[in-house]
Amino acid sequence: MDMKRINAGKLRAIGYDARERILRVEFDDGSAIDYSGVGSEVWRRFSTSGAAWSFYRDNIEEEFAGKRGRAQVDSKRAELEALFKKTGEE
């Protein structure tokens, strides 16, 4: 899933899988929530909103079932750190 980086309230990034109808919301604390059953129109309105944090609170947080997890960025950061780790470092 491609993520769109944003800076709105506690939101850090948002992404959408149209085939699975899953919306992923990543927060500035590294947590993430995947919401199932989200239609493409909700995604379009959310991703283009000038007030994404308010849109999230009003139209997504209470309206859809969410499953908590960790932001994808954390695993990518760990991969990069491992890749660029100095020889002899443990």
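Residues numbered from 1 in each chain as written. Predicted model: local features only at pLDDT ≥ 70, side-chain atom pairs only at ≥ 80, totals over all residues. Heavy atoms only, no water.

If you check an unreviewed UniProt entry, the chain appears there as KTSC domain-containing protein from Telluria mixta.

Asker: Explain the pattern of salt bridges residue by residue, including any values.
Answerer: If you walk through the whole model with that rule in mind, you get five salt bridges. Measuring nitrogen to oxygen at the nearest pair gives 3.4 Å for the salt bridge that ties Glu-20 to Arg-19. You can call Arg-19 exposed: its relative accessible area is 71%. One salt bridge in this structure joins Arg-24 and Glu-26, with 3.7 Å as the shortest N-O distance. Across this residue pair, the class does not change: Arg-24 and Glu-26 are buried. Three or more residues are tied together by salt bridges with common partners; here these are Arg-24, Glu-26 and Asp-34. (Salt bridge = Lys/Arg side-chain N within 4 Å of Asp/Glu carboxyl O. Buried < 20%, exposed > 50% of the residue type's maximum accessible area, 1.4 Å probe, protein only.)

Asker: Can you tell me about the pairing of strand S2 (residues 11–17), naming the residues and giving the values?
Answerer: Within S2, six of the seven residues are buried, which leaves the element mostly enclosed by the surrounding structure. Between strand S1 (residues 3–8) and S2, which pair antiparallel one after the other, the connecting turn spans two residues, and Gly-9 there sits at a positive phi close to 60°. Of the strand pairs in this sheet, S2 and strand S3 (residues 22–27) are connected by six bridges, and their pairing is antiparallel. Paired with Ala-13 across the strands is Glu-26, a residue of S3. (Helix = DSSP H or I, 4+ residues; strand = E, 2+ residues; numbered from the N terminus. Pairing = 2+ DSSP bridges.)

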